[in-house]
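# Residue-level structural notes
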Amino acid sequence: MRHRFIGTLALALLVLFGLSGAASAAGKLKAVASFSILGDMVRQVGGGRVEITTLVGPNGDAHVFSPTPATAKLLASADIFLVNGLGFEGWMERLETSSGFKGVTVVASTGVETLAMDEGHHHDEHGDGHDEDGGEAADPHAWQSLANGKIYVANIRDGLIAADPEGKAVYEANATKYLAAIDAEEIAVKEAIASLPPERRRIITSHDAFGYLADAYGLEVISPEGVSTESEASAQDVAMIIRQIREEKIPAVFLENVTDRRLLDQIARETGAKIGGVLYSDALSEPDGPAPTYLGMFRHNIGALSAAMSS
Ligand code: ZN
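Predicted model only: the values in this text are computed from it and were never measured.

Calculation rules
- Residues numbered from 1 in each chain as written.
- Predicted model: local features only at pLDDT ≥ 70, side-chain atom pairs only at ≥ 80, totals over all residues.
- Heavy atoms only, no water.
- Helix = DSSP H or I, 4+ residues; strand = E, 2+ residues; numbered from the N terminus.
- Buried < 20%, exposed > 50% of the residue type's maximum accessible area, 1.4 Å probe, protein only.
- Contact = heavy atoms within 4.5 Å.
- Areas by Shrake-Rupley, 256 points an atom, 1.4 Å probe, with all protein chains shown as cover.
- Pairing = 2+ DSSP bridges.
- Axes fitted to C-alpha atoms, helices over the stretch in contact; angles between N-to-C directions.
- Donors = N, O, S within 2.8 Å, 3.2 Å for Na, K, Ca; no water.
- Tetrahedral: all angles 85-135°; square planar, octahedral: opposite > 155°, others 65-115°.

## What to know about the overall build of the protein
The helix and strand inventory of the protein stands at ten helices and nine strands. Expressed as a percentage of its 311 residues, the buried residues of the protein come to 48%. Contacts in the protein between residues at least 24 apart in sequence constitute 67% of all its contacts with a sequence separation of at least 6. Split by element, the accessible area of the protein, about 14700 Å² in all, is 55% carbon and sulfur.

## Side note on the sheet that holds strand β1 (residues 29–35)
Ordered in space as β2-β1-β3-β4, the four strands form an open sheet in which the pairing is parallel. One side of each edge strand has no neighbouring strand; the edge strands of this open sheet are β2 (50–56) and β4 (104–107). Along the sheet, successive strands turn relative to each other by an average axial angle of 20°, direction set aside. Sheet analysis places β1 next to strand β3 (residues 80–83), joined by three bridges and oriented parallel. By the bridge assignment for β3, Ala33 is matched with Leu82.

## A closer look at the coordination of the zinc ion
Ideal geometry at a metal gives 109.5 degrees between four tetrahedral donors and either 90 or 180 degrees between six octahedral ones. Only His63 (NE2), His141 (NE2), His207 (NE2) and Asp282 (OD) from the protein coordinate the zinc ion, and they sit 1.9 to 2.0 Å from it. If you look at the zinc ion, its four donor atoms make angles of 94 to 120° with each other, and the shape they trace is tetrahedral. We note that the donor set of the zinc ion lies within a single chain, spaced as H-x77-H-x65-H-x74-D. On the criterion of sequence distance, the pair formed by His141 in the loop between β5 (122–123) and α5 (146–163) and His207 in the loop between β6 (202–205) and α7 (211–217) is long-range, its members being 66 residues apart. Neither His141 nor His207 differs from the other in exposure class; each is buried.

Given below as structure tokens:
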């Protein structure tokens, strides 16, 4: 009797989980994206055919993410894993190996012309920091140029097609539409920056995430912390930046959604530069926040930069 009951229960559970598993997947491609900005791009291209999980969510810092056994389990059951590359996800290779992931891996930044990490944490408008080899010293924040964003989208589209050939027409159509929207946004960004006085196109951010934005659209961005949030600014770096803000009359310093604000509060206090708001660098905002999508992030950031530099 008891055995029969357990047998029936086991069967019931099997049916239940079997059904719910099938229902939740519903034939969708299971994608895992490393961080929220990439997750949005995958959502735009994948549309309804793809079920996306993002490892580092809104306002999260992918530089310092620590995968757990649950992360490995999640990845093990995925069909496609999409990452930025360029050393942004320092934890990626170990995770991939430990999870036994056997699906398609897409490195979204493949093919971008990388910028070298600048030792002075300082980008200028002349684009002299190009690193044609794309070696280990590349700045990973390539998504901050919309032209690079288009390369990401093409790589995502091709990866989705490789993982799910039946969806080819859908992925191609979605990507074409999305690429057109990115083109339109880039025109708007260029117009907004062109309307600013050239001598005011200088800003301070806490970590060096806007090198590609600066290089593509003609800004100068100075950051005390370097390209990873893991490195801390030295007292010497901070003193140098404070001197530079005073001498060059740099109008504004910006907080970032993924970094601590104390250092920039201190710099603002000591120099009289104003806090120009929050820039979204390495993560989107929550869905109801000011930067819920990749293109929404550009709209917000350029709006904040324009407001600070024009006044
Ligand atoms: Zn970063």
